[in-house]
Amino acid sequence: MPASRKNTPVNPQTARFTYPRLLTIAGSDSSGGAGIQADLKTFAALGCYGMSAITALTAQNTVGVQAVLPVAPNMLQAQIDSVMTDVGCDAAKIGMVPDAPSIRAVAHSLRQHRIKPVVLDPVMVATTGSTLMEHAAAPVLLAELAPLCQLITPNLSEAQLLAECDITSVDDMLHAGRKLQQGTQAAVLVKGGHLAGDAISDVLVLPDGSEHVFTDTRIETQNNHGTGCTLSAAIAAHLAQGADLLQAVQGGRAYVRAALQAGAQGRIGCGHGPVNHGFAPQAMRMVPLA
């Protein structure tokens, strides 16, 4: 477990256990389907203890994003400092980071507190099509933040922008994944949900050169708001519990597919509703206190 756990005040006479600790650094979704809210629901559903550092407030619902208010970089760093100097974390997930100053603040905190493993979901556009990160910040994300992470999980539009290539097939996804992996040294999971067809494929490119293609039948549902946030959070939760990267990706994908299936017939709002994060919640896991 990370050395920061020793900073946690405990009564040695009674405290023998703690929980897998997850930190999400992301934007807030006021409608509860994506962002910080989806991450915390996912952590809880997978038996982990979730904490948050909010990068931006959004006025958001199932049909769109009405307003975005970035959190000041010094306040963003203060949130991370508060978590890491007391509780610590076993893994972190990064979602929406709205601009270059915020990206640099998060990168500084990752280095300062030696946070790892880290899963980066480079959220640029919401499910509804609204812009959530300045496009001019993309090079800063790639150069200063991505190399500090163990896994990057772009969707097709994000992978096209970051890798500067068109993607219309699984082979294109692999090409983009290789390019991003070589440029950042992180593993890359390119998500193919936006490709047409009854099947859906994601591709994973690992630093050791191995590649994995995951293909499943598409789940027909309008309730897919926050799937990217949920997937990256679920992968981070599996990493915090000791899974290797391939196992964590497999476990995260399985959780998201089950949550999509469980929520396929539900109705929240008038647009893209949320997945069912709580379809089979696990009790908080107990791990020995180091």
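To be clear, the structure that these remarks concern was listed above.
Keep in mind it's a predicted model, so treat the numbers as computed, not measured.

Chemist: Mind showing me how you'd approach the pairing of strand 2 (residues 21-29) here?
Modeler: A regular strand carries its side chains on alternate faces of the sheet. Across the 9 residues that make up strand 2, a large majority, 9, are buried. In this sheet, strand 3 (residues 49-61) lies alongside strand 2 in parallel orientation, the contact comprising 8 bridges. What sits directly across from L22, in strand 3, is G50. The parallel pair strand 2 and strand 3, bridged by helix 1 (residues 35-45), forms a crossover whose chirality is right-handed. Of the pairings in the sheet, the one linking strand 2 to strand 5 (residues 91-94) comprises 4 bridges and is parallel in character. Paired with I25 across the bridge in strand 5 is I94.

Chemist: Please explain the environment of L174 as it appears in this structure.
Modeler: Mapped onto the fold, L174 is located in helix 6 (residues 170-184). By relative accessible area, which is 10% here, L174 ends up buried. Contacts of L174, omitting those with residues within four sequence positions, involve V203, V205, E211 and V213.

Chemist: What exactly am I supposed to notice about the packing of helix 2 (residues 73-84) against helix 3 (residues 100-113) here?
Modeler: What describes two packed helices is the angle between their axes and the distance between those same axes. One way to put it is that helix 2 packs onto helix 3 with a least axis distance of 9 Å and a crossing angle of 25°. Here helix 2 is positioned roughly parallel relative to helix 3, judged by the angle of their axes. Judged by the twist between their axes, the crossing of helix 2 over helix 3 is right-handed. Across the interface between the two elements, P73, L76, Q77, I80, D81 and M84 from helix 2 touch P101, S102, A105, V106, H108, S109, Q112 and H113 from helix 3.

Chemist: Hey, could you run me through the side chain of S201 in this one?
Modeler: On the secondary structure map, S201 appears in strand 9 (residues 199-205). Assessed through its relative accessible area of 11%, S201 is described here as buried. Within polar-contact distance, the side chain of S201 engages the side chain of T215 at 2.8 Å. Leave out the neighbours within four places in its chain, and S201 touches V170, M173, K191, G192, V213, F214 and T215.

Chemist: Before we go on, may I ask you to explain the nonpolar core in this structure?
Modeler: For soluble globular proteins, nonpolar side chains are generally found buried alongside one another. Counting residues in hydrophobic clusters, the biggest one holds 48 residues, and the most contacted among them are I94 and L145. Looking at this core, the element that brings in the most residues is helix 3, giving 6 residues. Once residues within four sequence positions are removed from consideration, L145 is found in contact with I94, I103, V106, A107, L110, L120 and V140. One finds A233, A237, Y255 and L260 within the second-largest nonpolar core, a separate group that totals 30 residues.

Basis of the calculations
- Residues numbered from 1 in each chain as written.
- Predicted model: local features only at pLDDT ≥ 70, side-chain atom pairs only at ≥ 80, totals over all residues.
- Heavy atoms only, no water.
- Buried < 20%, exposed > 50% of the residue type's maximum accessible area, 1.4 Å probe, protein only.
- Helix = DSSP H or I, 4+ residues; strand = E, 2+ residues; numbered from the N terminus.
- Pairing = 2+ DSSP bridges.
- Right-handed = clockwise from strand over helix to strand, strands pointing away.
- Contact = heavy atoms within 4.5 Å.
- Axes fitted to C-alpha atoms, helices over the stretch in contact; angles between N-to-C directions.
- Parallel < 35°, antiparallel > 145°, perpendicular 65-115°, else oblique.
- Left-handed = near helix turned anticlockwise from the far one by under 90°.
- Polar contact = N/O pair within 3.5 Å; in protein donor to acceptor, adjacent residues only side chain to side chain.
- Core = buried A, V, L, I, M, F, W, Y, C linked by side-chain atoms within 4.5 Å.

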